[in-house]
Amino acid sequence: MDYQKLADRLFPYISETMEMMEEKYPERDLPEGAKVTRIAPSPTGFMHLGNLYGAMVDERLAHQSGGIFYLRIEDTDRKRLVENGVETILKVFHKFGLEFDEGATLEGDWGNYGPYTQSERASIYQTYVKALVAMGKAYPCFCTEEELAAIHEEQEKEKENFGYYGKYAVWRDRSEEEVYTQLDKGMPYVIRFRSEGSIERKIRFEDQIKGKMEITENDQDVVILKSDGLPTYHFAHVIDDHLMHTTHVVRGEEWLSTLPIHLQLFDALGLKKPKYAHTAQLMKIDDGKKRKLSKRKDPELALDFYFQNGIPVKGAVEYLLTLLNSNFEDWRRANPDAPYQDFPFSTKKMSGSGALFDIDKLNDVCKNVVSRMSAEEVYEKTVQWAEEYDPDFAALLKEDPDYSKAILSIGRGSKKPRKDFGRWSEVKAYVSFFFEPLFAPKYEELPAHLPKELVLRILSDYTKIYDPSLSQDEWFAQLKEICPSYGMTADMKAYKAAPQEYTGSVGDLSMVLRIAVCGRSQAPDLYSVMQLLGKERVIHRLDQLKEWLEAEND
RNA sequence: GGCCCCUUGGUCAAGAGGUUAAGACAUCGCCCUUUCACGGCGGUAACGUGGGUUCAAUUCCCGCAGGGGUCACCA
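Since this is a predicted model, take the numbers as computed values, not measurements. (Residues numbered from 1 in each chain as written. Chains lettered and ligands numbered in written order. Predicted model: local features only at pLDDT ≥ 70, side-chain atom pairs only at ≥ 80, totals over all residues. Heavy atoms only, no water.)

Peer 1: I'd love a proper account of the pairing of strand S6 (residues 190-193), names of residues and values included.
Peer 2: Of the two faces of S6, the one holding Val190 and Arg192 and the one holding Ile191 and Phe193 are both buried throughout. Bridge count between strand S5 (residues 138-141) and S6: four bridges; the pairing is antiparallel. Counterpart to Pro140 in the pairing with S6 is Ile191. The pairing of S6 with strand S9 (residues 223-225) spans two bridges and is antiparallel. If you follow Ile191 over to S9, its bridge partner there is Leu225. (Buried < 20%, exposed > 50% of the residue type's maximum accessible area, 1.4 Å probe, protein only. Helix = DSSP H or I, 4+ residues; strand = E, 2+ residues; numbered from the N terminus. Pairing = 2+ DSSP bridges.)

Peer 1: An account of the packing of helix H19 (residues 472-482) against helix H21 (residues 506-518) is requested, with residue identities and associated values reported.
Peer 2: When two helices pack together, their arrangement is captured by the angle between the axes and the distance separating the axes. It is at 9 Å that the axes of H19 and H21 come closest, and there the two elements cross at 115°. In terms of axis orientation, H19 runs roughly perpendicular to H21. Considering the relative orientation of H19 and H21, their crossing is right-handed. Contacts from Phe476, Leu479, Lys480 and Ile482 in H19 reach Val506, Leu509, Ser510 and Leu513 in H21. The residue makeup of the contact of H19 with H21, split by class, is six nonpolar, one polar and one charged. (Axes fitted to C-alpha atoms, helices over the stretch in contact; angles between N-to-C directions. Parallel < 35°, antiparallel > 145°, perpendicular 65-115°, else oblique. Left-handed = near helix turned anticlockwise from the far one by under 90°. Contact = heavy atoms within 4.5 Å. Nonpolar A, V, L, I, M, F, W, Y, C, P; charged D, E, K, R; others polar.)

Peer 1: I'd like to hear about the packing of helix H22 (residues 526-533) against helix H23 (residues 535-552), residue by residue, with values.
Peer 2: Where H22 meets H23, the closest approach of the two axes is 6 Å, and the angle between their N-to-C directions is 110°. Classified by the angle between their axes, H22 and H23 sit roughly perpendicular to one another. Contacts from Met530, Leu532 and Leu533 of H22 reach H23 at Lys535, Arg537, Val538 and Arg541. Residues that form the contact of H22 with H23 fall into these classes: four nonpolar, no polar and three charged.

Peer 1: Describe the pattern of salt bridges, with residues and values.
Peer 2: Applying the stated rule across the entire model yields 34 salt bridges. One salt bridge connects Lys273 with Asp267, and the closest N-O pair in it is separated by 2.8 Å. Overall, Lys273 belongs to the partly exposed group, its relative accessible area being 36%. On the basis of relative accessibility, which here comes to 47%, the residue Asp267 falls in the partly exposed class. (Salt bridge = Lys/Arg side-chain N within 4 Å of Asp/Glu carboxyl O.)

Peer 1: Run through the protein's contact with RNA strand B, naming residues and quoting values.
Peer 2: The local shell around RNA strand B holds 64 residues, among which Thr76, Lys226, Lys361, Arg418 and Lys419 are the closest. Each atom of RNA strand B within 4 Å of the protein was assigned to sugar, phosphate or base; sugar and phosphate come to 73%. For RNA strand B, a sugar or linking oxygen lies 3.2 Å from a polar atom in the side chain of Lys416. Here a base oxygen of RNA strand B and a side-chain polar atom of Arg514 are 2.9 Å apart. Elements supplying a minimum of two residues to the surface near RNA strand B: S6, strand S8 (211-216), strand S13 (289-292), helix H12 (328-334), helix H13 (359-371), H19, helix H20 (492-497) and H21. Class assignment for the residues of the surface near RNA strand B results in 20 nonpolar, 15 polar and 29 charged. (Near = heavy atom within 4 Å. Polar contact = N/O pair within 3.5 Å; in protein donor to acceptor, adjacent residues only side chain to side chain.)

Peer 1: Tell me what's going on with helix H16 (residues 401-408), and back it up with residues and numbers.
Peer 2: Three or more residues of H16 are buried, namely Tyr403, Ser404, Ile407 and Leu408. Burial along H16 is one-sided: seen end-on, the buried residues are contained in an arc of 135°. In this fold, the buried residues of H16 make contact with helix H14 (375-389), helix H15 (391-399), helix H17 (427-431), H22 and H23. (Arc of directions from axis to C-beta.)

Peer 1: Lay out the side chain of Gln155 with the relevant residues and their values.
Peer 2: Examined against the element boundaries, Gln155 turns out to sit in helix H6 (residues 145-157). Discounting residues that sit within four places of it in the chain, Gln155 has contacts with Glu160, Asn161, Phe162, Gly163, Tyr165 and Tyr168.

Next comes the structure, spelled out in structure tokens:
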């Protein structure tokens, strides 16, 4: 078989050579130790937490070392293209603060190693495929889908390994005449790699995350170029990451099983291999069983879902970081205000086993993250979220930004900040009573043991004595002072010891006011709330409760 | 089924050949407290299994089991 002749026949329009490619995409000029990483999603337009999880490893590795983090679009599967897929990808990563240094953008490519969209790189792949054919390391295969299915069936029956290898590699050693006959007839074909591997042999390999391992060589003649002239993932990965000079390939562990193919291809082409980091997959519980997060089955893990639910970007990022490097939590406690980029991230600290997605933990991380934010930031983020998902609420917040921010600063800024909410979507319920349109009092939460007459008396008395100019201490002292006139006590210990001796405690007294003013029994510091609402509204609300109680009499 | 990866409490996990086997979330109890949200203290709760190496193994080795992944002209 004249391989060069075959190569020319197969790719007559490919005039460039491997050497020319190497010259066109020279080694990057980067400082020692700088890592080049990438994410290479297929533009299905669907991103979930798992994608972000992996991308963060890439981003940290690159930017922590002064390297390059770039975006490549893997769109070789023309059947699965989705409109606006690329836009969605770009938008999501931008939102999460993962910025690319290079790669595909909506305005075209940015960087010297493009094109960064695989469908635009067909001739590049073909150049290398042609070279492989010329070396006799790749060959055309004319099998139809049906023939391959038949082979699979036979293997199943014979209990043999599946795939295109050995005697099942039917086009591997066909005569020149047979091949050219098919070509002359214009039959469609794929190009397969001629594997010299054997399942009897093992390869030693060291993964950045999983460490040393032994894997079986690949003996399959895998397809490297599909009949539409585009490469399969295996081949595109090898060529692209070589030409773009990726130093570290971070990908899900589902790729571990095809790793032998990739290593084999690098060797066949005489190319330097990148380092690999195979990340354990994010899992979820399904029917009591652990399962890999799936695009199709877990739409609730789509990143859009997080945005909708008002999960703070920072919260999601920090949660992921705790999964990625468990010592992140310790570091965060020691450095509460440092940007997470300061954390010394390491693949060595990554777990080899898949983490179960834990919504409780996420919630907790979010609460902590939000509690550390300034009122200003909380205000801005909440408005931003509400503008998209709850416009009425956004408008309400923006009516008087200073008022809104003042509300959000209650209990914020101290060493022990309040942790009332961890999501932007929870803010509305928390602040609702500060806004007339949202004020929906639940007067039935009044302490049941207080006689209605007593409550009415308290309300009308307090209307007369409420003095907003008092300091918080003075204000509370006043409450204590008036307790006895209602048969209540300000001494909580005494009250707890013998509750039957009193009509109630200062706690009950406060509760009456709280229910009147806030319309509910759970609220932040009552004094602050009253200060913010202003005397007029406080008194009005006391009156409102009075009216409600009186109306109830009928 | 073949191949590969993984295995410490409910979850995420630290850990070293000899430890009272960290910590966080969740959960339970107590305390603080004018409610709540915090905060403090404490409780329940773990090294899958069988061999081997060793004075000693949860830690090293082998087998097994369990879980996960993968076996496409998808990535």
